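What follows is each chain in one-letter form.
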Amino acid sequence: AGGQPDLTAVKSDFVPGDKLIFYDDFTDMAGDESPPHWKVRGGTAELQVGEGIRQLTMATHGMYVSPNIKQLPGNFTMEVDTQFGTLTGNGNGMIWRFMTVPDGPQTLLINTRVQEEGTRVVIYAGNPDNPENIADTVVQVNPRQPIQFALWVQEGRIRFYLNGKRAADANQITLAPIKFIDMEAVVEGEVEGAYAAIRRARFAETSPDFSKTIMSGRYVTHGILFDVDSDRIKQDSAATIKMIASGIQASPSANFLIEGHTDSTGDAAHNMDLSR
C-alpha cells in the first residue's frame, strides 16, 4: 500500500571465536579453594553447586576477579554465562574492564546492571585517557534466569549481546592493546540473597571480517565442526556458516574454492571419503 517497500532488519548473529584462549566452567575447582584460573581481590569468590550447576558466586560489592589471560588478540570474543541473586533497588551486575596495564585506564569498559525493568548496558571504548561512550541501553531479559553476556571485537567493531539480543554495535574504534582484564561485582548492599555469579567463561580469538578478508585471497576458520566420524555439521557451526554465506552472496561474480579436512584418526581411504 502506498508503494512503500516492506523492509525488515538484518539480524546480526553472534559468532563465537574458534581459537580458544581461556575457558573455565569451574569443574576443576574444589569447594574449599580459590578459583585456580582467576585472581580474587576484595572478598570471597565461593563455589556453589547443585542440580548439575557449578557457579563462582560473589556476594561482596566491589570485589574483583581477573581471568588468567596474558593478552587478547585484536579480534576476539568473550562469552560469560551469569546468574544474579535477589534484585532490589539498583539491582546487581558486573563491570568488565579491559586494560593495557593492571589497574590502569580502560580501553574498553562494559557496565551491566540487572534490574527488574531490564538490564542496562553502558559501554565506553577507545582512547584510555578519553574513552568514548558508545552505548547506553536497556535490554529486556528475564532477570531470574541465567543471562549470557557475549562480546565480539573485530576489525575496530564492537558488538555486545545479551542472550543473543544485540545490545550494542559500534565501529571505527581503535582499542589499545589488552593485556589485563578484571570484573567487578556489583551487589546490592546488605540484601539477603544478592550476588553476582559466573557459570562459564570463554575467550577465543576470532577470524577477521570475512567480507573484508576473502577478497585478499584466503579465509580460514576453525568454527565449522562436525560430529565424530560423520559429515553431519554441528549446530554450533550455524553462525559461522551464515556469516560466510552472507559474504559469498555479496560477491556474486567471485569464484570460491571451499576446502575441508578430517583429523588423522582412521585410515586414509576412509578419511578421503569423509572429506569429500
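See the structure above.
Here's a quick rundown of the structure. The structure displayed is predicted, hence computed values, not measured ones.

The rules behind the values
Residues numbered from 1 in each chain as written. Predicted model: local features only at pLDDT ≥ 70, side-chain atom pairs only at ≥ 80, totals over all residues. Heavy atoms only, no water. Helix = DSSP H or I, 4+ residues; strand = E, 2+ residues; numbered from the N terminus. Buried < 20%, exposed > 50% of the residue type's maximum accessible area, 1.4 Å probe, protein only. Contact = heavy atoms within 4.5 Å. Pairing = 2+ DSSP bridges. Axes fitted to C-alpha atoms, helices over the stretch in contact; angles between N-to-C directions. Phe/Tyr/Trp six-rings, centres within 6.5 Å; stacked < 30°, edge-to-face > 60°. Lys NZ or Arg CZ within 6 Å of the ring centre and 35° of its normal.

### Some points on the overall build of the protein chain
- The helix and strand inventory of the protein chain stands at three helices and 15 strands.
- Its C-alpha atoms give the protein chain principal-axis dimensions of about 60 × 60 × 40 Å.
- Every one of the 276 residues in the protein chain was classed for burial, and the buried ones make up 42%.
- Long-range contacts, defined here as pairs at least 24 residues apart, represent 62% of the contacts in the protein chain between residues at least 6 apart.

### Some points on the sheet that holds strand E2 (residues 38-41)
- The antiparallel open sheet is built from seven strands, whose spatial order is E2-E5-E14-E7-E8-E9-E10. The open sheet has two edge strands with one neighbour each: E2 and strand E10 (132-139). Direction aside, neighbouring strands of the sheet carry axes that sit 15° apart on average.
- Taken together, the eight bridges between strand E7 (residues 92-99) and strand E8 (residues 106-115) define a ladder with antiparallel strand orientation. Pairing of Arg-97 across the sheet is with Leu-109, part of E8.

### Overview of the packing of aromatic side chains
- Counting across every chain of the model gives eight aromatic pairs.
- Through a chain of ring-to-ring contacts, three or more aromatic side chains come together here, namely Phe-22, Phe-26, Trp-38 and Phe-203.
- Across from the ring centre of Trp-152, 3.6 Å away, lies the NZ or CZ of Arg-159, which sits over that ring.

### Here's the deal with unusual backbone geometry
- With phi around 50°, Asn-163 is a residue other than glycine that occupies positive phi space.
- Residue placement: Asn-163 occurs in the loop between strand E12 (157-162) and strand E13 (165-170).
- Taking the relative accessible area as the measure of exposure, Asn-163 reaches 38% and is therefore partly exposed.
- Backbone geometry places Gln-172, a non-glycine residue, at a positive phi of 55°.
- Tracing the backbone through its elements, the reader meets Gln-172 in the loop between E13 and strand E14 (180-186).

Shape is all these values report; function is a separate question.
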